[in-house]
Amino acid sequence: MGDNSHEPRQRRLPQTYRVMIDLLVVWLALGGLILLGLGAALVRRSGARPTMGRRLAGAREVRVGELLDLSASDPLPRRAVRVVGRIRCAEPIVTGQGDRLVAFHLDVEVAGAAGGWRGIERMRETRSFELWDHDASLLLDPALAAEPLVVLPHVWTGSVDELDDSYQGALARVVAEQGRVERARATTRMLSVIDRLLVLARVTRDAAGEVALAPPRGGFIVSSLELDDAMRLLGGPRPRLLLAGSGALIASIALLAAAAILLVLELVPS
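These lines cover the structure that appears in this document, whether it is placed above or below. (Residues numbered from 1 in each chain as written. Predicted model: local features only at pLDDT ≥ 70, side-chain atom pairs only at ≥ 80, totals over all residues. Heavy atoms only, no water.)

### Some words on the overall build of the protein chain
And then number 1: A tally of helices and strands in the protein chain yields six helices and twelve strands.
And then number 2: A globule of 270 residues ought to have a C-alpha radius of gyration of about 18 Å, yet the protein chain, at 27 Å, is considerably larger.
And then number 3: Expressed as lengths along the three principal axes of its C-alpha atoms, the size of the protein chain is roughly 100 × 65 × 30 Å.
And then number 4: When the 270 residues of the protein chain are sorted by exposure, 35% land in the buried category.
And then number 5: Long-range pairs, those at least 24 residues apart, make up 72% of the contacts in the protein chain with a sequence separation of at least 6.
And then number 6: Just so you have it, the protein chain exposes about 16,600 Å², and 57% of that area is on carbon and sulfur atoms.
And then number 7: Computed over 33 positive and 31 negative side-chain charges, the inter-centroid distance for the protein chain is 8 Å. (Helix = DSSP H or I, 4+ residues; strand = E, 2+ residues; numbered from the N terminus. Rg over C-alpha atoms; globule rule 2.2 N^0.38 Å. Buried < 20%, exposed > 50% of the residue type's maximum accessible area, 1.4 Å probe, protein only. Contact = heavy atoms within 4.5 Å. Areas by Shrake-Rupley, 256 points an atom, 1.4 Å probe, with all protein chains shown as cover. Lys, Arg positive; Asp, Glu negative; His and termini not counted. Charge placed at Lys NZ, Arg CZ, Asp CG, Glu CD.)

### Observations regarding the packing of aromatic side chains
And then number 1: Scanning the model with the defined rule gives zero aromatic pairs in all.
And then number 2: Lying over the aromatic face of Trp-117, Arg-185 brings its terminal NZ or CZ to 4.2 Å of the ring centre. (Phe/Tyr/Trp six-rings, centres within 6.5 Å; stacked < 30°, edge-to-face > 60°. Lys NZ or Arg CZ within 6 Å of the ring centre and 35° of its normal.)

### Here we look at unusual backbone geometry
Note on backbone geometry: most residues besides glycine have negative phi, and most peptide bonds are trans.
And then number 1: Glu-147 connects to Pro-148 through a cis peptide bond whose omega is 0°.
And then number 2: Within the element layout of this structure, Pro-148 appears in the loop between β7 (137-140) and β8 (154-159).

### Considering the side chain of Arg-82
And then number 1: Tracing the backbone through its elements, the reader meets Arg-82 in strand β2 (residues 81-88).
And then number 2: Given a relative accessible area of 7%, Arg-82 falls into the buried group.
And then number 3: Here the side chain of Arg-82 touches Ala-59 through a polar contact of 2.9 Å, landing on its backbone oxygen.
And then number 4: Among all residues touching Arg-82, those that are not within four sequence positions of it are Leu-56, Ala-57, Ala-59, Arg-60, Glu-61, Val-62, Leu-198, Val-199, Leu-200 and Leu-227. (Polar contact = N/O pair within 3.5 Å; in protein donor to acceptor, adjacent residues only side chain to side chain.)

### Details of the environment of Ala-145
And then number 1: Topologically, Ala-145 is positioned in the loop between β7 and β8.
And then number 2: When the C-alpha positions of Ala-145 and Gly-218 are compared, they lie 8.0 Å apart, and in sequence the two are 73 residues distant.
And then number 3: Contacts of Ala-145, omitting those with residues within four sequence positions, involve Gly-219, Phe-220 and Val-222.

### A word on the pairing of strand β9 (residues 183-192)
Looking along a regular strand, one sees side chains alternate from face to face of the sheet.
And then number 1: Bridge count between strand β4 (residues 100-112) and β9: ten bridges; the pairing is antiparallel. By the bridge assignment for β9, Leu-106 is matched with Thr-188.
And then number 2: Pairing between β8 and β9: six bridges, direction antiparallel. Counterpart to Trp-156 in the pairing with β9 is Ala-186. (Pairing = 2+ DSSP bridges.)

### Some points on the pattern of salt bridges
Close approach of charged atoms allows side chains of opposite charge to pair.
And then number 1: For the coordinates displayed, the defined rule picks out 14 salt bridges.
And then number 2: Between Arg-124 and Asp-107 there is a salt bridge, and its shortest N-O distance comes to 3.1 Å. Linking Arg-124 in strand β5 (residues 115-126) with Asp-107 in strand β4, this pair joins segments that are 17 residues apart in sequence.
And then number 3: On the accessibility criterion, Arg-124 (27% relative accessible area) is partly exposed.
And then number 4: Here Arg-180 makes a salt bridge to Glu-182, at a shortest N to O gap of 3.7 Å.
And then number 5: Overall, the relative accessible area of 66% leaves Arg-180 in the exposed class.
And then number 6: One network of salt bridges, with partners in common, ties together Arg-63, Glu-66, Asp-133 and Asp-135. (Salt bridge = Lys/Arg side-chain N within 4 Å of Asp/Glu carboxyl O.)

### Here's the deal with the side chain of Asp-133
And then number 1: The residue Asp-133 is located in the loop between β6 (129-132) and β7 in this model.
And then number 2: Take Asp-133: its relative accessible area is 15%, and that puts it in the buried class.
And then number 3: A polar contact is formed between the side chain of Asp-133 and the backbone nitrogen of Val-64, at a distance of 3.1 Å.
And then number 4: At 3.0 Å, the side chain of Asp-133 forms a polar contact with the backbone nitrogen of Gly-65.
And then number 5: In this view, Asp-133 contacts Arg-63, Val-64 and Gly-65; residues no more than four positions away in its chain are not counted.

Structural data, given as structure tokens:
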């Protein structure tokens, strides 16, 4: 009689534990996914570009002359490198203020009282140039650059009434779709012929076997700033949001990993 009274309890315990583990896995996975979405949203709102910063900072720095010293039998770098050099361009873009540029990026946006910026103009003008140092030069096309250019932007903000007449058609379309707009901003990013550049690029050989620069996945990452300054710029204007978002992403990975481990342990036969 004593043995029979304990047998049902012995069968129920494993099932109870299995249900508890299943619930724990679900809650851990759900919490991980919520933190993942929250972290990604916070990083995006911070204005940071962590992927660009990580790729630019993590690459090996080389001079143009070092690359052209490679013989036909020398292996090329397997990963993208950070090439340092200055700009030489025979036919730069000349602005009304006399600036001589190889890249001019302009974004004009408008927003209503509730926020939510919407672009009404996106201008991209570039000139191919030679990236050079005292030893050699390599051709580079900034039209293949990733965005944004890692430069100090010039930002104008004001009322939509201050925009010139060329934007009236675009403004009318935005108003028809989302209602009244009140604010405007224009963000300009430029590469000048006097800039010293850092360029994340792949090193390849052209049809003639000569060393050349090619864009890595996503395009060249081009900076006119020193590396430390570029990292601060790519960290965004809201470092606290970036820190909170990064913490949330790390916590989400920990929760999802714990859920996966529990699930595997449950499936492994005892």
